Amino acid sequence: MLAKRIQPMIFQARRLYVEMMFQVMGRALQAVSEVDDSVKNEARALPEGFLFEMMVMPDGPRLIVEHTGLGRFHFHGDSAPRPIDLSIQFKHIAHAFLVLSFQEKTSVAFANDRMLVDGDISYAVRMTRVLNRLESFILPKLIAQRAVKEYPANLHLPEKLISAARIYLKVATNFVETVRA
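All values derive from a computational prediction rather than experimental measurement.

Right, let's get into unusual backbone geometry. The residue after methionine 57, namely proline 58, is reached through a cis peptide bond having omega -5°. In this model, leucine 70 sits at a positive phi of 55°, which is unusual for a non-glycine residue. Within the secondary structure, leucine 70 sits in the loop between strand E2 (62–69) and strand E3 (72–77). Positive phi, normally seen in glycine, also occurs at aspartate 113, with a value near 60°.

This part takes up the pairing of strand E4 (residues 86–90). With five of five residues buried, E4 is to be regarded as a mostly interior element. Taking every second residue as pointing to the same face, both faces of E4 are buried, with Leu86, Ile88 and Phe90 on one and Ser87 and Gln89 on the other. Pairing geometry for E4 and strand E5 (residues 115–118), over four bridges, is antiparallel. Bridged to isoleucine 88 within E5 is valine 117.

What counts and what doesn't
Residues numbered from 1 in each chain as written. Predicted model: local features only at pLDDT ≥ 70, side-chain atom pairs only at ≥ 80, totals over all residues. Heavy atoms only, no water. Helix = DSSP H or I, 4+ residues; strand = E, 2+ residues; numbered from the N terminus. Buried < 20%, exposed > 50% of the residue type's maximum accessible area, 1.4 Å probe, protein only. Pairing = 2+ DSSP bridges.

Interpretation note: all reported values are geometric properties and have no functional meaning in isolation.
Right, dumping it as structure tokens:
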């Protein structure tokens, strides 16, 4: 009897966590595109106006970012101004939770058929590199190594700390500006 009451609470907690992580990740993607030249270079290869979505199927939490040109991203929250160009979709909230809580690498989740890609695979690979770079900056090295396929060998502590601080400051500023609006 107790297990039947706990299951919905676990599902709800995972859903709230995924929603919160998508909010942070969307703002962090915007911030890292303002801070890191490697991310800017990756993003420059995307068409201007390119819309990227990461979501939980079928109508779960989502984040949407747009490449606005010059390697910069803009976070749109969970609503797209027009049709999405690339969508990475988790098949279940539990799968999203595993990846977003850094228990499973994105590449492993994809290999285990926990997610799918709707759109150009080359753009998906590019966005995955951007996400991996972001995670390498904002997560402690030990956790980032569990989250990304390959931790960048040339990312040294001073650069990591300065970039992470700049990213977190921009994310916090964006949250404050959103609350004021």
